[in-house]
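Structural features, examined
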Amino acid sequence: MKLKSIRLLAAAAATACATIFSAATAQADAVSDFYSGKTVTILIGHPPGGSYDLYAQLIAQHFGKHIPGQPTVIVQGMPGGGGSLAAAHFYAKAPRDGTIVALLPESLAQDQVLEPKKSRWDVSKMRFIGRVSDVTSVMMARKDSPVKSIEDSLKAEANVSCSGRTTSSAQTGAVLKSLIGSKFNMVCGYDSATASALAVFRGEADLTTTVWANWSVNYAQQLSAGDVVPVVQFSEKRLAALPDTPTAVELTDDPAKKQAIEFFGAGGDIGRALMTPPETPEDRIAGLSAAFDNLMKDPEFLADAKARSIPIAPITGKEVDAIVERIISTSPEVVATLKQAINDGFDN
């Protein structure tokens with residue numbers, strides 16, 4: 001190839017690179033211009049005091065400086081239906097311009113598969129920008145409860161406090177009752193996981209379930225004092241903090257039951273993750289995703305989380321989207337087994 005041709009090719013390549021860089025810069029500037037002076041809202045579907053509020057408030061304090069244009073970030077609560085009210089609003093009515101993200105129940109994808117007619121959202125049409133941490137639901141019993149282990153639950157009756165039946169914290173008891181044979185009486189109707197836990201401390205109920213982050217942060221004193229004891233955890237592997245507490249999957253050798261329990265616990269991998277509503281512009285999703293990834297490496301953010309004993313185990317939005325796809329594609333046979341188990345479990 002002649003020297004002149006080489007120079008022409010090099011010049012063309014440089015021009016192409018410059019064009020691509022210029023386009024990327026213009027896109028970044030457009031996102032920054034959009035967010036400058038605006039407010040980004042983190043929507044949660046639960047009352048203050050639980051793990052959703054815990055993570056949302058932590059994120060809100062540090063997220064804005066990483067978003068192009070450095071907008072103000074606030075938290076808005078819309079409690080009701082175990083997060084389903086906020087999920088339905090977010091899917092159908094929330095602004096689609098990138099000014100709102102949500103920290104919603106990790107069970108949304110499973111609920112959609114289990115009860116498609118009742119689920120007023122389609123998780124596959126929403127996009128995740130990142131996960132702060134996975135979550136593991138842990139059932140705890142009051143120290144003087146007649147049931148302080150799974151073995152006890154097979155012999156003695158006990159009351160399990162819970163909020164709406166659509167919540168994973170409520171469904172844990174129903175699943176154990178149906179698939180394992182625990183003699184639970186499901187007492188639902190409390191307005192939150194916090195209220196359900198208080199019912200146990202007051203002696204109104206014997207056991208309840210919430211995520212480990214909630215137990216370890218908001219009830220650290222009660223845990224340390226031995227006021228509650230762990231009974232079972234819903235995770236693939238035992239948490240390092242609870243090495244002697246069995247996982248629900250360990251409690252049966254029946255393959256169909258194991259698959260149903262694994263499907264039930266899959267939402268824990270989604271955990272506390274931020275999502276955008278349908279039709280949010282791609283450039284703003286990209287800007288928020290990059291900001292989230294940078295937040296997860298922010299020394300001030302990590303130090304703040306450590307000081308509050310809040311677990312951080314991040315993955316990218318695309319990785320969360322892949323988990324959602326796996327849940328949505330679960331076989332009908334497994335879905336039917338779990339759906340029947342949940343329905344039967346609430347039949348007292």
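Heads up: these notes are all about the structure in this document.

The rules we used
- Residues numbered from 1 in each chain as written.
- Predicted model: local features only at pLDDT ≥ 70, side-chain atom pairs only at ≥ 80, totals over all residues.
- Heavy atoms only, no water.
- Helix = DSSP H or I, 4+ residues; strand = E, 2+ residues; numbered from the N terminus.
- Buried < 20%, exposed > 50% of the residue type's maximum accessible area, 1.4 Å probe, protein only.
- Contact = heavy atoms within 4.5 Å.
- Areas by Shrake-Rupley, 256 points an atom, 1.4 Å probe, with all protein chains shown as cover.
- Lys, Arg positive; Asp, Glu negative; His and termini not counted.
- Charge placed at Lys NZ, Arg CZ, Asp CG, Glu CD.
- Core = buried A, V, L, I, M, F, W, Y, C linked by side-chain atoms within 4.5 Å.
- Salt bridge = Lys/Arg side-chain N within 4 Å of Asp/Glu carboxyl O.
- 1 Å grid on protein atoms, 1.4 Å probe; cavity = no way out; pocket = protein on both sides within 12 Å on 5 of 7 lines; lining within 4 Å.
- Points joined across faces, edges and corners; volume = space filled by probe spheres on them.
- Axes fitted to C-alpha atoms, helices over the stretch in contact; angles between N-to-C directions.
- Parallel < 35°, antiparallel > 145°, perpendicular 65-115°, else oblique.
- Pairing = 2+ DSSP bridges.

This part takes up the overall build of the protein. A count of helical and extended segments in the protein gives 15 helices and 11 strands. Buried positions account for 50% of the 348 residues belonging to the protein. Contacts in the protein between residues at least 24 apart in sequence constitute 78% of all its contacts with a sequence separation of at least 6. Accessible surface for the protein amounts to roughly 15,700 Å². Of this, 54% is attributable to carbon and sulfur atoms. Across the protein, 33 positive and 37 negative side-chain charges occur, with their mean positions spaced 4 Å apart.

Membership of the largest hydrophobic core comes to 58 residues, with the highest contact counts inside it found for Phe90, Leu176 and Leu207. Sorting elements by how many residues they give to this core places helix H6 (residues 168–180) first, with six residues. Apart from residues lying up to four places away in sequence, Phe90 is in contact with Leu43, Ile100, Val101, Ala102, Leu104, Met126, Met275, Thr276 and Pro277. One finds Tyr35, Tyr55, Phe301 and Ala305 within the second-largest nonpolar core, a separate group that totals 33 residues.

A few words on the pattern of salt bridges. Under the definition given, this model contains 12 salt bridges. The salt bridge involving Asp206 is made with Arg142; its shortest N-O contact spans 3.3 Å. Of this pair, Asp206 sits in the loop between helix H7 (193–201) and strand E8 (207–211) while Arg142 is found in strand E5 (residues 137–142), placing the two residues 64 residues apart along the sequence. The same class applies to Asp206 and to Arg142, which are both buried. The partner of Glu204 in a salt bridge is Arg202, with the nearest N and O atoms 2.9 Å apart.

Moving on, we come to empty space enclosed by the protein. One water molecule sets the probe size; rolling that probe over the atoms shows where empty space is left. Using the criterion set out here, one finds two cavities of 30 Å³ or more in the structure. Of the pockets and cavities examined, the largest cavity occupies roughly 140 Å³. Every residue lining the largest cavity is counted, 17 residues in all, and those nearest its centre are Glu106, Ser168, Phe264, Gly265 and Gly268. Looking at the lining of the largest cavity, the elements that each hand over two or more residues are helix H4 (108–114), H6, helix H10 (255–265) and helix H11 (267–270). Considered as a void within the structure, the second largest cavity measures approximately 60 Å³ in volume. If you go around the second largest cavity, you meet 13 residues; those closest to its centre are Leu104, Pro105, Phe128, Ile270 and Met275. Counting only elements with at least two residues in the lining of the second largest cavity, the list comes to H4 and strand E10 (272–276).

Attention now moves to the packing of helix H2 (residues 51–63) against helix H12 (residues 282–295). When two helices pack together, their arrangement is given by the angle between the helix axes and by the axis-to-axis distance. For the pair H2 and H12, the least separation of the axes is 11 Å and the interaxial angle reads 100°. As judged from the angle between their axes, H2 and H12 are roughly perpendicular. Contacts between H2 and H12 involve Ile59, His62 and Phe63 from the first element and Leu288, Ala291, Phe292 and Leu295 from the second.

Pairing within the open sheet is mixed, and its six strands lie in the order E2-E1-E3-E10-E4-E11. This sheet does not close on itself; its edge strands, each paired only once, are strand E2 (72–77) and strand E11 (315–316). Against the sheet, H12 contacts strand E3 (100–103), strand E4 (127–133), E10 and E11, and its axis sits at roughly 10° relative to E4.

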